[in-house]
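Descriptive analysis of the structure
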Amino acid sequence: MQRGALISGIVGLTFATVALALELAYIRTNVNPLDEQKLLLNAILRTAEWVLIPLYWAWFLLFIFTFIMTLVGSFAIRAGCHCEDRSRCRRAAWTAHLTVVLPTLLVMVLNPTFWRVIVDALLKFLPHDLLNHTLHTPITVPTAWYLFPPEVAALARQSPIIFAKTLLTRSNRKPPLRTNAF
Amino acid sequence: MGGKTLDFARAAHPQSESWKLFGLVQVAADRTLALGVPVLNLCNLAVATLLIPALLPFPRALLFSLAGTYAAALAGYGLVKVFWRKAKSWPVLLFGICLAAGIGVWLADRLRYTDQEYRTLSILWWPLAVAGILWLCKL
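All residue numbers here refer to positions counted from 1 along the written sequence of the relevant chain. All chains are assigned letters beginning with A, and all ligands numbers beginning with 1, in the order in which they are written. At least 70 in pLDDT is required for a residue's local features to be given in this predicted model, at least 80 for side-chain atom pairs to be given and counted, and no such filter applies to totals for whole chains, interfaces and linings, which use all residues.

To continue, consider the overall build of chain B. What chain B contains, in helices and strands, is six helices and zero strands. Partly exposed residues are those whose C-beta has more than 12 but fewer than 20 other C-beta atoms within 10 Å; 20 or more makes a residue buried and 12 or fewer makes it exposed, with C-beta atoms placed from the backbone. Residues counted as buried form 32% of the 139 residues belonging to chain B. With C-beta atoms placed from the backbone, a contact is any residue pair whose C-beta atoms sit within 7 Å. When contacts within chain B are restricted to residue pairs at least 6 apart in sequence, long-range pairs at least 24 apart make up 61% of them. Put simply, DSSP H or I for four residues or longer makes a helix, DSSP E for two residues or longer makes a strand, and each gets a number counted from the N terminus.

Working definition: the nonpolar core is a set of buried Ala, Val, Leu, Ile, Met, Phe, Trp, Tyr and Cys residues, joined through C-beta atoms within 7 Å. Within the largest apolar cluster, 54 residues are counted, with the highest numbers of intra-cluster contacts made by Ala16(A), Ile44(A), Val51(A), Cys43(B), Ala46(B), Val47(B) and Ala54(B). Elements that contribute at least two residues to this core include exactly α1 (5–25), α2 (33–79) and α3 (86–125) of chain A together with α1 (2–12), α2 (17–49), α3 (51–55), α4 (59–85) and α6 (117–138) of chain B. Here this core takes 17 residues from α2(A), the largest share from any one element. Residues within four places of Cys43(B) in sequence aside, it is in contact with Gly12(A), Leu13(A), Ala16(A), Val51(A) and Ile133(B).

On to the interface of chain B and chain A, then. It is common to give the size of an interface as the accessible area lost on bringing the parts into contact. Taken together, the contact between chain B and chain A spans 50 residues of the former and 60 residues of the latter. Among the secondary structure elements, those contributing two or more residues to the side of chain B that touches chain A are α1, α2, α3 and α6 of chain B. The leading source of residues in the side of chain B that touches chain A is α2(B), at 24 residues. For this classification, Asp, Glu, Lys and Arg are treated as charged, while Ala, Val, Leu, Ile, Met, Phe, Trp, Tyr, Cys and Pro are nonpolar and the rest, including Gly, are polar. Its residues placed into classes, the side of chain B that touches chain A shows 33 nonpolar, 12 polar and five charged.

Residue and element names in this part refer to chain B. Angular values range over 0 to 180 degrees, each being the angle between N-to-C directions of two axes fitted as lines to C-alpha atoms, with helices fitted over their stretch in contact. At a closest axis distance of 9 Å, the pairing of α1 and α2 adopts a crossing angle of 165°. In terms of orientation, α1 and α2 fall into the roughly antiparallel class. Judged by the twist between their axes, the crossing of α1 over α2 is left-handed. The segment α1 lies against α2, with Gly2, Gly3, Leu6, Ala9 and Arg10 engaging Trp19, Lys20, Phe22, Gly23, Gln26, Val27 and Asp30. When grouped by side-chain class, the residues that make up the contact of α1 with α2 number five nonpolar, four polar and three charged. Oblique is the label for every angle not falling under 35 degrees (roughly parallel), over 145 degrees (roughly antiparallel), or within 65 to 115 degrees (roughly perpendicular). Here a crossing is taken to be left-handed if its near helix is turned anticlockwise relative to the far helix by less than a right angle, and right-handed if that turn runs clockwise.

On to the environment of Ala79(A), then. All names here are of chain A. Here Ala79 is to be found in helix α2. Given 12 C-beta atoms within 10 Å, Ala79 falls into the exposed group. Along the primary structure Ala79 and Ile139 are separated by 60 residues, whereas in three dimensions their C-alpha atoms are 47 Å apart.

Inspection of the secondary structure assignment puts Thr99(A) in helix α3. By the C-beta count within 10 Å, which is 20 here, Thr99(A) ends up buried. In this structure, Thr99(A) is in contact with Met1(B) and Gly2(B), ignoring residues within four places of it in sequence.

As a further point, take the confidence of the model for chain B. Every residue gets a pLDDT, meaning the predictor's confidence in that residue, from 0 to 100. Residues with a pLDDT of 70 or more make up 71% of chain B, whose mean pLDDT is 75. The least confident element of chain B is helix α5 (residues 90–111) of chain B, whose mean pLDDT is 62; the most confident is α2(B), at 88.

Right, let's talk about α6(B) for a bit. An α-helix turns once every 3.6 residues. As a result, residues three or four positions apart point the same way. When the terminal C-alpha atoms of α6(B) are compared, their 32 Å separation across 22 residues agrees well with the 32 Å that a helix rising 1.5 Å per residue should span. Among all positions of α6(B), only Glu117(B), Tyr118(B), Arg119(B), Thr120(B), Leu121(B), Ser122(B), Leu124(B), Trp126(B), Ala129(B), Ile133(B) and Cys137(B) are buried. To estimate how far a helix should reach, multiply one less than its number of residues by 1.5 Å.

So, on to the confidence of the model for chain A. Any residue range with low pLDDT should be treated as having predicted coordinates unsuitable for detailed reading. Here chain A averages 77 in pLDDT, while 66% of its residues score no lower than 70. At the level of individual helices and strands, chain A shows its lowest average pLDDT in helix α5 (residues 150–172) of chain A, which scores 63, and its highest in α1(A), which scores 88.

The structure is reproduced here in structure tokens:
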């Protein structure tokens, strides 16, 4: 892996260990094994959700950086290029963009596939009746919408739905009657 | 490749602040994509492996196997340290024996309470998952 992966791994796993230790500490003692299993599943799922929080922010930062790259790259081509042939600068910027955007798209496709395979394998080989009856109490993941005022967040969350509804309404609208006058 | 391209671009325009900033943002995006996202996914994978001991119908066999593996690993490490480097490393052996004894006492205490088998098993499983992920990160 890339240089610095070990340090990042140590930091990430320390975070996960602390989250797991805190969740395990909350499991009640003196319960029967079935209840203990359910409580443990809850602790594991909640730990996974704790780890999802930095993962969510990593993806968010990646999109932000990519967006800033687009702006700065376009500015660099216009204002920072002193070449006679400006297409050289444009090609350099495009190369930098593509080397970030294409792997991002690849990871975006492969990541859910990877997790789907893992989950299917786990559910195939392990008795998972308990998962359907677990006492799961999900944690609240602070998403990027918390950075915006509630009205803006609500509007932004609603807008894709409104857009989709508008599209559906338009597609369901009956075509006007054509009168063949001639 | 993007980083190298921008290095050349910055070398061609040494006075330009915009190319410098472009390079910095590109490195930040690259690091987030190549380090942040995969490492956190691996951390979640380690957490997901905890489902294996948590969903086992009979945890006691795995519990004893794991405890035995840890004890054997510690004892083996101590023996290698002593016989390989002779008497120089005897404190390491002492440390290993104390640690093994501590773990043994703690496990024995835990195993008296049958209602905490799964939790003990998860605690024993976690170092294995962490070691596996760290090994992957080190590759």
